[in-house]
Amino acid sequence: VASLAARGEPKKDVLLGGLLLPGFDEQSCVSRYQSVYYRKNMTRPPSPHLLRRLRQQEALQRRCGPGTEPYRRASERLRSGQNAGDDFVATVDGCGYLVLISYRGLGNRILAITSAFLYAMLTGRVLLLDPGKTMADLFCEPFQATSWMLPGDFPLEHFRDLGEDAPESYGNVAVNRSGSVAGLRFVYAHLDHAATPANRLLYCDDHRQFLHRVQWLILRTDSYIAPGIFLNPAYKEELDMMFPNKDSVFYLLSRYLLHPTNDVWGMVTRFYHSYLKNADERLGIQIRVFDGDEPFQHILDQILACTSQEHLLPGVVVSGGGGGGVAPPPIARSKAVLTTGLNSWYHDSIRDMYWRSPSATGEVVSVHQPSHELHQHFFRSTHDMKALAEMYLLSLTDKIVTSGWSTFGYVGAGLGGLTPYIMIKPENHTVPNPPCVRAMSMEPCDHGPPYFECTKKEIDKIIDTGNLVPHVRSCEDVPWGRKLA
Ligand code: GDP
């Protein structure tokens, strides 16, 4: 930070209006203190109540987290099954735990972490992350003097294999055991996007039915579960106080929680300084293709139709004869385009277009893509680090075009506080009309929300939960998904 200030950058509020705490070792996680110099000013400040709740959660994480006596006792109880009975109250030591299983792509995992943290705050539980193979290489610790990583000696060895038919699953306990947790050492919450309706009942739980008796809650989700939680009347008052603006839940929580490690931050900043910093304007285009990893002409056509429709990129002047047209007098404006994607063909084609022909406006358009990994991989650190660096770089642009359905794109837009232009997922290899739509908010879409009303809990009756409360809506790209706006 000192070096940035020395370079003549005006001093900024690195603690983001109290969202972040002072006192961390700056060198061990420079992104926490530097990112403010790369971002636009915060458009949505945190509410005083959110700040209070964050401070409470930090205290809880410290008091009950790994390495403490309460944690030791709680994991011993989990190992031995002692005290697992209907009369057991999770507030022994005042410590309850929410363990998040890590699975699926990095965008999914980031949405899961952020919204699980919200759920942990609402239910007074310590959030512990399954470190998976790569998490420690990606993110710094968000809490001081404790760790949010599940310790290696966690007593449930096979917790990653839990599925929704497990006897401990929320659906089983709620429906088949009438809420009795007698003999269960933990409850397993299955909120995968394809969960059964019975398991989705958790969205409507107020924690007082039976979960308060359970010290350990193991959660599996690949989704942004926040919109579903906002549908639960039990949390309405609290959420209204925490988030007077409903369109910036992910924005605030992700900035609080997600600080890339120094290695990832180095990738972000080196790329930024080399290719993006000096442009007058930065446009992000996130290209995620679900039909296959090879290039598709209709996807390129869709990108160009979208950027043209929304006036995000200038057209080019093409003369006859195959050569470039005559350039209008250059206006001294430069536009840097950051493309991300597994394939480099889209990037190459757009860059070629502006190389072979002048832009119609005279703008100088440069096109850059950090990587082209070709295929999605699991459990590889460098692959995940690139993905995180790219989501971060997308968040540093001024305007962003994202691919519908993609959690990678939701993270890039949400982290940056950017309301994206979403390219609707094509059907039958044809460009949809319109090719993209302006999103109603910067919030991610929840792909697996509840379809029933919490006050009725009629799980066999599908209703439109997109009209129940004012700020939970049907997503632009996934009609059955729900998002905050
Ligand atoms: P989603 O599948 O689009 O919802 O996003 P996820 O992030 O959950 O999963 C896709 C995964 O594929 C990413 O985490 C990366 O591992 C990889 N991937 C997809 N698109 C890109 C990209 O543009 N850049 C990089 N580096 N990796 C990508």
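Quick caveat, the model's predicted, so the values are computed rather than measured.

The rules behind these values
- Residues numbered from 1 in each chain as written.
- Predicted model: local features only at pLDDT ≥ 70, side-chain atom pairs only at ≥ 80, totals over all residues.
- Helix = DSSP H or I, 4+ residues; strand = E, 2+ residues; numbered from the N terminus.
- Rg over C-alpha atoms; globule rule 2.2 N^0.38 Å.
- Contact = placed C-beta atoms within 7 Å.
- Buried ≥ 20, exposed ≤ 12 C-beta atoms within 10 Å, placed from the backbone.
- Pairing = 2+ DSSP bridges.
- Axes fitted to C-alpha atoms, helices over the stretch in contact; angles between N-to-C directions.
- Core = buried A, V, L, I, M, F, W, Y, C linked by C-beta atoms within 7 Å.
- Domains from an automatic or database assignment.
- Expected span 1.5 Å × (residues − 1).
- pLDDT = per-residue confidence, 0-100.
- Near = placed C-beta within 6 Å.
- Nonpolar A, V, L, I, M, F, W, Y, C, P; charged D, E, K, R; others polar.
- Parallel < 35°, antiparallel > 145°, perpendicular 65-115°, else oblique.
- Left-handed = near helix turned anticlockwise from the far one by under 90°.
- Right-handed = clockwise from strand over helix to strand, strands pointing away.

Caption draft 1: Representation of the overall build of the protein. For the protein, the helix and strand inventory stands at 16 helices and 13 strands. In terms of C-alpha radius of gyration, the protein reaches 24 Å, essentially the compact-globule figure of 23 Å for 485 residues. The contacts of the protein with a sequence gap of at least 6 include a subset with a gap of at least 24, amounting to 74%.

Caption draft 2: Representation of the pairing of strand β3 (residues 187-190) within the structure. Neither face of β3 is open: one carries Val187 and Ala189, the other Tyr188 and His190, and all of them are buried. Across 4 bridges, β3 lies against strand β4 (residues 216-220) in parallel orientation. Along β4, the bridge assignment pairs tyrosine 188 with isoleucine 218.

Caption draft 3: View of the sheet that holds strand β2 (residues 125-129). Pairing within the open sheet is parallel, and its 4 strands lie in the order β2-β1-β4-β3. Because the sheet does not close on itself, it has two edges, and the strands there are β2 and β3. In this sheet, neighbouring strand axes are inclined to one another by 25 degrees on average, regardless of whether the strands run parallel or antiparallel. Pairing analysis gives 5 bridges linking strand β1 (residues 96-101) to β2, with the strands arranged parallel. Counterpart to leucine 98 in the pairing with β2 is leucine 127.

Caption draft 4: Highlighting the nonpolar core. Among the nonpolar cores identified, the biggest contains 124 residues, and Leu98, Leu100, Ala116, Leu127, Val187, Leu217 and Leu219 are the most heavily contacted of them. Looking at which element gives the most residues to this core, the answer is helix α5 (residues 106-123), with 11 residues. Residue contributions to this core reach at least three from each of two domains, namely domain 1 (48-257) and domain 2 (262-484).

Caption draft 5: Expanded view of α5. Under the 1.5 Å per step criterion, the end-to-end length of α5 is 25 Å for 18 residues, consistent within 8% with the ideal 26 Å. Within α5, 16 of the 18 residues are buried, leaving the element largely enclosed by the surrounding structure. Trailing α5 by a residue or two, glycine 124 shows a phi angle of about 65 degrees, which is positive.

Caption draft 6: Structural detail: the confidence of the model for the protein. Considering every residue of the protein, the mean pLDDT works out to 93; 94% of them sit at 70 or more. Predicted complex metrics record ipTM = 0.99 and pTM = 0.95.

Caption draft 7: Here's a closer look at the sheet that holds strand β6 (residues 334-341). Sheet architecture is open: 6 strands sit in the order β7-β6-β5-β8-β9-β10, paired in mixed fashion. Of all strands in the sheet, those bounded by a partner on one side alone are β7 (364-368) and β10 (436-438). Here the average twist between neighbouring strands, direction ignored, is 20 degrees. As paired elements, β6 and β7 share 5 bridges and run parallel to each other.

Caption draft 8: Examining the site of the ligand more closely. Taken together, 19 residues lie near the ligand, and Gly105, Gly107, Gln376, Ser406 and Thr407 sit nearest. Residue assignment for the shell around the ligand shows that the elements contributing at least two residues are α5, β6, α15 (381-395) and α16 (407-416). No other element matches α15, which puts 4 residues into the shell around the ligand. Its residues assigned to classes, the shell around the ligand comprises 4 nonpolar, 10 polar and 5 charged.

Caption draft 9: Broad picture of unusual backbone geometry. Cis geometry is found at the peptide bond from asparagine 433 to proline 434, where omega equals 0 degrees. Relative to the helices and strands, proline 434 is located in the loop between β9 (421-423) and β10. Despite not being glycine, tryptophan 405 shows a phi value in the positive range, around 80 degrees. Inspection of the secondary structure assignment puts tryptophan 405 in the loop between β8 (399-403) and α16.

Caption draft 10: View of the domain arrangement of the protein. Examined at the domain level, the protein breaks down into domain 1 (48-257) and domain 2 (262-484). Centre-to-centre separation of domain 1 and domain 2, based on C-alpha positions: 31 Å. Taken residue by residue, the interface counts 38 residues in domain 1 and 40 residues in domain 2. Those elements giving two or more residues to the side of domain 1 that touches domain 2 turn out to be α5, α6 (135-138), α8 (197-200), α9 (226-230) and α11 (249-257). With 5 residues, α5 is the single largest residue contributor to the side of domain 1 that touches domain 2. Considered class by class, the residues forming the side of domain 1 that touches domain 2 number 22 nonpolar, 10 polar and 6 charged.

Caption draft 11: Summary view of the packing of α5 against α16. Between α5 and α16, whose axes approach to 7 Å, the crossing angle comes to 55 degrees. Relative to α16, the element α5 lies oblique. Here α5 and α16 pass one another in a crossing that is left-handed. Contacts between α5 and α16 pair Gly107, Asn108, Ile110 and Leu111 from the former with Thr407, Phe408, Tyr410 and Val411 from the latter.

Caption draft 12: Geometry of the packing of α15 against α16. In the contact formed by α15 and α16, the axes pass within 7 Å of each other and the chain directions differ by 45 degrees. When the interaxial angle is binned, α15 and α16 end up oblique. In terms of crossing hand, the pair formed by α15 and α16 is right-handed. Counting all contacts with α15, which are made through Met391, Tyr392, Leu394 and Ser395, the residues of α16 involved are Phe408, Val411, Gly412, Leu415 and Gly416.

Caption draft 13: How the structure looks around the pairing of β2. With 5 of its 5 residues buried, β2 lies for the most part within the structure. In this fold, the crossover linking β1 to β2 by way of α5 has right-handed handedness.

Caption draft 14: Examining helix α12 (residues 262-276) more closely. With 15 residues, α12 should reach 21 Å at 1.5 Å per residue; the first-to-last C-alpha distance of 20 Å fits that figure. Among the residues making up α12, those that are buried are Val264, Trp265, Met267, Val268, Thr269, Phe271 and Leu276. Along its buried surface, α12 packs onto α2 (30-34), α6, β5 (281-287), β6 and α15.

Caption draft 15: Examining the environment of aspartate 222 more closely. Tracing the sequence through the fold places aspartate 222 in the loop between β4 and α9. Taking the C-alpha atoms as reference, aspartate 222 lies 6.7 Å from arginine 104; in sequence the two are 118 residues apart. In this structure aspartate 222 touches Tyr103, Arg104, Asn108, Ala112, Asp192 and His193, once residues within four positions along its chain are discounted.

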